[in-house]
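Architecture at a glance
Okay, here's what each chain looks like letter by letter:
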There are 2 protein chains.
Amino acid sequence: MYIEELAESIRTFEGVTRKKPISDIIRIFETVRPEYGDAIVDFGDDAAVIDIGTDDVILFAADAIWGKIVNKSPWWTGYTSVVVNVNDISAMGGKPLAMVNVMSSSDHNSTGEVMKGIRDGIKKFGVPMVGGHMHPDTPYNSLAVAIIGIAKKDSVIRSDTARPDDVIIAAYDMEGRVGQNSPYSWDTTSFKEPAVVRERFMVMQEIGQKGLVTAGKDISNPGTIGTLGMLCEVSRTGASVDLRKIPRPDNVDFEQWLKIYPATGYILTAKKEKSAECIEVLEKAGLKAAIIGKIEEVRKLDIYDDSGRTTVFDLSKDGITGIGI
Amino acid sequence: MYIEELAESIRTFEGVTRKKPISDIIRIFETVRPEYGDAIVDFGDDAAVIDIGTDDVILFAADAIWGKIVNKSPWWTGYTSVVVNVNDISAMGGKPLAMVNVMSSSDHNSTGEVMKGIRDGIKKFGVPMVGGHMHPDTPYNSLAVAIIGIAKKDSVIRSDTARPDDVIIAAYDMEGRVGQNSPYSWDTTSFKEPAVVRERFMVMQEIGQKGLVTAGKDISNPGTIGTLGMLCEVSRTGASVDLRKIPRPDNVDFEQWLKIYPATGYILTAKKEKSAECIEVLEKAGLKAAIIGKIEEVRKLDIYDDSGRTTVFDLSKDGITGIGI
């Protein structure tokens, strides 16, 4: 019965359940669809894709850090805000160009630490913070960051384009450690040289340009299975995952690993014949990658191992964000 | 002595003093200057200007609404977030392309109202909200919005390019009313047809393309004199302003008017020989515009009228944001 418990534990994981309100919100915008002229992809992907009338498109995303972490570690808040935003662009096969931020604070010291975290993120990833807005007098600390990137129109990696029978590849930077502020964060960058970090996150640009995948998504707060669920949801597919195939570090509990935000981690889908080259490119860049399952036509996300098989998400009934329903 | 009191009242106005912490923050980024390759303009302007290797540049800005207003009127928060972000792009002579947002809330109803405000802003200005991030479980309500726009590289209106002897033009949409949530907000859009609103905010694109101004800035929370002060600060100039020339509505107290965020309002600087054409273009679009003073070499912002002359900001000593010092 272990696998049933694991499925239930993923389903009720806060990183997954927190995604639920998104669809309510987006539905409010449906009446203004005609205004969405230049946006090729919008909600439901890591970044929106904006047509600017050339071969290039602009990628545009916003992200923020869980409130709990802001007070616990302001430096980490600032640093991580860069990591997650850069990932939103790199996961789409784009080159990050610049970030802006909105910082709200009542406390000058926390603000300074957050900004030092951002500065160290800029140094690591080479993406500048070019502007923003400051609320110096709020009764709380919070940080929101937005990012733009650029990509060739035909190289963009979307998450709504997986098709049945595609193989699913999971890729992670295994040279990491569980973060100090949460058992579900995995730091793969703060202790590494910028050149190493940049090579690893830029691998997705190569994958996009070579057309090696059919879809892809940055593994974020919902963890490996939750992120795959979100990809299936917007692709209107299901998936089956062989848990034994998921690359994992030796020193981390497997259930915890499945819920971790791996910082440099991606779920990709590929035609079977391209999967070997895709894995080769990922591994050359220093990531550990493996085929972990298959995209299915039936809209259920199943996991299995020696002990049995069970459904984590029935996407025809319950969405994760509700966007694909 | 009225003019001395007015100067002191502007200097100590919260809309002005809240800008003070910006320079501390920006200084932290100075050590990572080498990473700022593609950014032509960054902090200190309404939007950053990002080179994408073509004749076009991408404009990129973030803005947020004063915390006090978020709880008072969630609809207005959402609506105004669109107004201020669109202004950041239009003030630079750009065409707004798309927005993203980060919403933090503990309260599903407020979130819904904020999103309806955003939706109505989209409908009014024709700029889509294409993505974002949602914190459904914070102990506060807050909204941050970022926007991108596009402009021809040689049409961008910056705020750090005013030069001594340029004339100063103030332009406002006078068909407005004091906002319900603050004596310092001026609503010029919510009750007007989208076509009228769009024509008025797009006038800055025409001004940029025709090269009619040397610099410009959206009049925002610091009000007319405070915004001019920020423009002078980054242009490393001063200014003298004849208070009698400032266009004003009949039914609003003048001191209050000088502190108002006029929603559709700009401070522009121009060569004297171009000023008549500039005013003509602004007035044809439905704005009221007038020459209100002159850019000075000495870095002081002086105001004068029949009662005398006084210095509001000595920008060689005290900055508003501190960026220009």
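Residues numbered from 1 in each chain as written. Chains lettered and ligands numbered in written order. Predicted model: local features only at pLDDT ≥ 70, side-chain atom pairs only at ≥ 80, totals over all residues. Heavy atoms only, no water.

For the rest of this paragraph, the subject is the sheet that holds strand β12 (residues 265–270) of chain A. All names here are of chain A. Read across the open sheet, the 7 strands follow the order β10-β12-β7-β13-β11-β14-β15; overall the sheet is mixed. Since the sheet does not close on itself, it has two edges, and those belong to β10 (215–218) and β15 (308–314), each with one partner. Going across the sheet, the axis of each strand differs from the next one's by a mean of 25 degrees, ignoring polarity. Pairing of strand β11 (residues 238–242) with strand β14 (residues 300–305) involves 4 bridges; the strand directions are parallel. Bridging across to β14, A239 finds its partner in L301. Set on the sheet, helix α1 (residues 2–11) makes contact with β14 and β15; between it and β15 the angle comes to about 15 degrees. (Pairing = 2+ DSSP bridges. Helix = DSSP H or I, 4+ residues; strand = E, 2+ residues; numbered from the N terminus. Axes fitted to C-alpha atoms, helices over the stretch in contact; angles between N-to-C directions. Contact = heavy atoms within 4.5 Å.)

What follows deals with the UniProt feature "domain: PurM-like C-terminal" (unreviewed entry) in chain A. The UniProt feature table records "domain: PurM-like C-terminal" (unreviewed entry) at residues 191–304 of chain A. End-to-end, the C-alpha atoms of residues 191–304 of chain A are 35 Å apart, and along that stretch the chain is 42% helix and 25% strand. (UniProt positions renumbered as here; feature names shortened; annotations may be inferred.)

For the pair chain A and chain B, the superposition axis carries a translation of 0.0 Å, the fit reaches an RMSD of 0.0 Å, and the rotation angle comes to 180 degrees. The two molecules are tied by a two-fold rotation axis, judged by turn and shift. When the interface residues of chain A are mapped onto chain B, 100% of them again fall at the interface, so both copies present the same face. (Least-squares fit on C-alpha atoms with pLDDT ≥ 70 in both.)

Quick look at the sheet that holds strand β13 (residues 288–296) of chain B now. Residue and element names in this part refer to chain B. Strand order in the open sheet formed by 7 strands is β10-β12-β7-β13-β11-β14-β15, and the pairing between neighbours is mixed. Each edge of the open sheet is held by one strand with a lone partner, namely β10 (215–218) and β15 (308–314). Between one strand axis and the next, the sheet turns through 25 degrees on average, direction left out of account. Inspection of the sheet shows β10 paired to strand β12 (residues 265–270) by 4 bridges, in the antiparallel sense. Looking at the pairing, G216 lines up with L268 of β12.

All right, on to the interface of chain A and chain B then. Listed per partner, the contact involves 64 residues of chain A and 64 residues of chain B. Carbon and sulfur atoms supply 72% of the area that chain A and chain B bury against each other, a total of about 5300 Å² over both sides. Ranking the residues of chain A by area buried against chain B places A:E35, A:F60 and A:V130 at the top, with a combined share of 12%. Counting the contacts that link chain A with chain B gives 0 salt bridges. Our enumeration of links across chain A and chain B arrives at 0 residue pairs in polar contact (both at pLDDT 80 or more). Counting only elements with at least two residues in the side of chain A that touches chain B, the list comes to α3 (22–27), β2 (48–51), β3 (56–64), β4 (95–104), α6 (108–125), β5 (129–135) and β6 (142–152) of chain A. The element best represented in the side of chain A that touches chain B is α6(A), accounting for 9 residues. The residue makeup of the side of chain A that touches chain B, split by class, is 37 nonpolar, 13 polar and 14 charged. (Buried area = accessible area lost by both parts, 1.4 Å probe. Salt bridge = Lys/Arg side-chain N within 4 Å of Asp/Glu carboxyl O. Polar contact = N/O pair within 3.5 Å; in protein donor to acceptor, adjacent residues only side chain to side chain. Nonpolar A, V, L, I, M, F, W, Y, C, P; charged D, E, K, R; others polar.)

Quick look at the pattern of salt bridges now. A full pass over the atoms with the stated rule returns 44 salt bridges over all chains. Note that A:D302 is salt-bridged to A:R309, the shortest N-O span being 3.1 Å. You can call A:R309 partly exposed: its relative accessible area is 47%. For B:K294, the salt bridge is made with B:D165, and the minimal N-O distance between the two is 3.3 Å. Of this pair, B:K294 sits in strand β13 while B:D165 sits in the loop between β6 (142–152) and β7 (167–172), placing them 129 residues apart in sequence. (Buried < 20%, exposed > 50% of the residue type's maximum accessible area, 1.4 Å probe, protein only.)

Now for the state of the cysteines. Residues and elements named next belong to chain A. Applying the stated criterion to the full structure yields 0 disulfides over all chains. Counting only cysteine sulfurs, C232 is the nearest neighbor of C278, a cysteine outside any disulfide, at a range of 16 Å. Assessed through its relative accessible area of 0%, C278 is described here as buried. (Disulfide = S-S within 2.5 Å.)

All right, on to helix α10 (residues 272–284) of chain A then. All names here are of chain A. Taking 1.5 Å as the rise per residue, α10 with 13 residues should run 18 Å; its terminal C-alpha atoms sit 19 Å apart, in good agreement. Structurally, α10 contributes buried residues whose contacts are with β7 (167–172), α7 (194–209), β12 and β13 (288–296). Phi for G286, located one or two positions after α10, is positive at around 100 degrees. (Expected span 1.5 Å × (residues − 1).)

With that settled, consider the packing of helix α6 (residues 108–125) of chain B against helix α7 (residues 194–209) of chain B. Residues and elements named next belong to chain B. Between α6 and α7, whose axes approach to 7 Å, the crossing angle comes to 75 degrees. One finds that α6 runs roughly perpendicular with respect to α7. From α6, I122, K123, K124 and F125 reach across to α7, where they touch P194, V197, R198 and F201. Class assignment for the residues of the contact of α6 with α7 results in 5 nonpolar, no polar and 3 charged. (Parallel < 35°, antiparallel > 145°, perpendicular 65-115°, else oblique.)

A few words on the environment of A:S185. All names here are of chain A. Of note, S185 is situated in the loop between β8 (177–178) and β9 (186–187). On the basis of relative accessible area, S185 is assigned to the buried category, the value being 14%. Taking the C-alpha atoms as reference points, S185 and T138, 47 residues apart in sequence, are found 27 Å from one another. Residues in contact with S185, not counting those within four places in the same chain, are W76, R177, V178, G179, I260 and Y261.

This brings us to the domain arrangement of chain A. Residues and elements named next belong to chain A. Once the domains are mapped, chain A shows domain 1 (3–18 + 158–314) and domain 2 (46–152). Summarising the inter-unit geometry, the C-alpha centres of domain 1 and domain 2 are found 23 Å apart. Counting from both sides, the interface comprises 23 residues of domain 1 and, opposite them, 25 residues of domain 2. For the domain 1 and domain 2 pair, buried surface summed over both sides reaches about 2100 Å², with 54% attributable to carbon and sulfur atoms. (Domains from an automatic or database assignment.)

Residue and element names in this part refer to chain A. By the definition in use, this model includes 15 aromatic pairs over all chains. Pairing W75 with W76 gives two aromatic rings, centres 6.2 Å apart and planes at 35 degrees, and the pair type is tilted. An aromatic cluster of three or more residues is present, and its members are W75, W76 and Y79. Sitting above the plane of the F254 ring, R248 keeps its charged end 3.6 Å from the centroid. (Phe/Tyr/Trp six-rings, centres within 6.5 Å; stacked < 30°, edge-to-face > 60°. Lys NZ or Arg CZ within 6 Å of the ring centre and 35° of its normal.)

This part takes up unusual backbone geometry. One non-glycine residue with positive phi stands out, namely A:R236, at about 55 degrees. Along the polypeptide, A:R236 turns up in the loop between α8 (223–235) and β11. Take A:R236: its relative accessible area is 49%, and that puts it in the partly exposed class. One non-glycine residue, B:D165, lies in the positive phi region at around 80 degrees. Judged by relative accessible area, B:D165 falls into the exposed class, the value being 54%.

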